[in-house]
Structures are given as structure tokens and as C-alpha cells.
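The primary structure of each chain is shown beneath.
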Amino acid sequence: QVQLVESGGGLVQSGGSLRLSCAASGVIFSSVIMSWYRQAPGNQRELVARITSYGSTNYADAVKGRFTISRDNVKNTVFLQMNSLKPEDTALYYCNARILATNFWGQGTQVTVSS
């Protein structure tokens, strides 16, 4: 079955950096649209970044210029490099795989940014 496992979250100070990873299995990874979402307490889950099978990317306005999504189709892994982190970035970050009309989700990894 499709399985997504996130890692790399943690506690950092404002202005710091983190690199999230999402390892995918059970999919033809190179053909899958991969995304990162996040959800803070009391908020809806929001799209952070997305990368297509051929490498096209898009980002939420709140993270443009600070976050970079990338993928390694050999290792079946998608990354989210997060720089210049702000307390507002604190959330549970989820990896998402879109296969046809179906979305698959990881369990999430917590990112906490202290001021």
C-alpha cells in the first residue's frame, strides 16, 4: 500500500532552519505529485509547497523565498528545506501524495519555532 513517512521536524529558534524529509513507498514515485501541508492548532490544513513529477513547484505566499521543495526520484523522497523560520511556521507538517484523484497522507512531523 501507499505509505508516506515524514521526518526532520523539531524545535528551532526564530531565524533557524530545518529540512523535512518524506520517504514514499508503494507508489511509482516519479509519476506522483508530492506536496507539503501544515496545520496549526485551530487552523485548517494549508498547502505549503508542491512539486510535480517533472519538477515544477509552487508555494504558499507565506513561505515564498524561505522554503524550497525538492524531490529525489531515485530515493523516492521529497524534501522541504525551511530557512528563516518564524514562530508563525509552527505547525504539524504533513507529506501528501496525489495519485489520480486520491490523496495519501503521512502521519506528520512537528515543527516548533520559538521566538
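Residues numbered from 1 in each chain as written. Predicted model: local features only at pLDDT ≥ 70, side-chain atom pairs only at ≥ 80, totals over all residues. Heavy atoms only, no water.

**Some details on the overall build of the protein**
And step 1. Within the protein, the regular secondary structure consists of zero helices and 11 strands.
And step 2. Helices and strands in the protein line up, N terminus first, as β-β-β-β-β-β-β-β-β-β-β.
And step 3. Against the 2.2 N^0.38 benchmark of 13 Å for 115 residues, the protein shows a C-alpha radius of gyration of 13 Å, consistent with a compact globule.
And step 4. Along the three orthogonal principal directions, the C-alpha set of the protein runs to about 40 × 25 × 20 Å.
And step 5. For the protein, buried positions account for 37% of its 115 residues.
And step 6. Of the accessible surface of the protein, which amounts to about 6,100 Å², a share of 48% is contributed by carbon and sulfur atoms.
And step 7. The protein carries 10 positive and 6 negative side-chain charges, and their two centres are separated by 5 Å. (Helix = DSSP H or I, 4+ residues; strand = E, 2+ residues; numbered from the N terminus. Rg over C-alpha atoms; globule rule 2.2 N^0.38 Å. Buried < 20%, exposed > 50% of the residue type's maximum accessible area, 1.4 Å probe, protein only. Areas by Shrake-Rupley, 256 points an atom, 1.4 Å probe, with all protein chains shown as cover. Lys, Arg positive; Asp, Glu negative; His and termini not counted. Charge placed at Lys NZ, Arg CZ, Asp CG, Glu CD.)

**Some details on the sheet that holds strand β8 (residues 77-82)**
And step 1. Here we have four strands laid out as an open sheet, ordered β1-β3-β8-β7, and antiparallel in their pairing. Sheet topology places β1 (3-7) and β7 (67-72) at the edges, where each strand pairs with a single neighbour. Here the strands of the sheet are splayed against their neighbours by 15 degrees on average, with no regard to which way each runs.
And step 2. Sheet topology note: the β1/strand β3 (residues 18-25) ladder contains five bridges and is antiparallel. By the bridge assignment, V5 is partnered in β3 with A23. (Pairing = 2+ DSSP bridges. Axes fitted to C-alpha atoms, helices over the stretch in contact; angles between N-to-C directions.)

**Some remarks on the pairing of strand β5 (residues 46-51)**
And step 1. In this structure, strand β4 (residues 33-39) lies alongside β5, joined through five bridges in antiparallel fashion. Bridge assignment links S35 to a residue of β5, and that residue is R50.
And step 2. Once β4 ends, the chain turns through six residues before running back antiparallel as β5, passing G42 with a positive phi of about 85 degrees.
And step 3. Note that β5 and strand β6 (residues 57-59) share three bridges and pair antiparallel. Looking across to β6, one finds that I51 is bridged to T57.
And step 4. Remark: five residues form the turn of the hairpin made by β5 and β6, two consecutive strands paired antiparallel; G55 in that turn has positive phi of roughly 100 degrees.

**Some remarks on the nonpolar core**
And step 1. Residues M34, W36, V78, L80, M82 and Y93 are the most contacted members of the largest nonpolar core, which totals 28 residues.
And step 2. At the level of secondary structure, the elements contributing two or more residues to this core comprise β3, β4, β5, β7, β8, β9 (91-99) and β11 (109-114).
And step 3. In this structure L80 touches L18, R19, L20, W36, V48, A49, F67, T68, I69 and Y93, once residues within four positions along its chain are discounted. (Core = buried A, V, L, I, M, F, W, Y, C linked by side-chain atoms within 4.5 Å. Contact = heavy atoms within 4.5 Å.)

**Thoughts on the environment of A23**
And step 1. For A23, the location among the structural elements is in strand β3.
And step 2. Considering only alpha carbons, one finds A23 and F79, 56 residues apart in sequence, at a separation of 8.9 Å.
And step 3. With sequence-adjacent residues up to four places away left out, A23 is seen in contact with Q3, L4, V5, N76 and T77.

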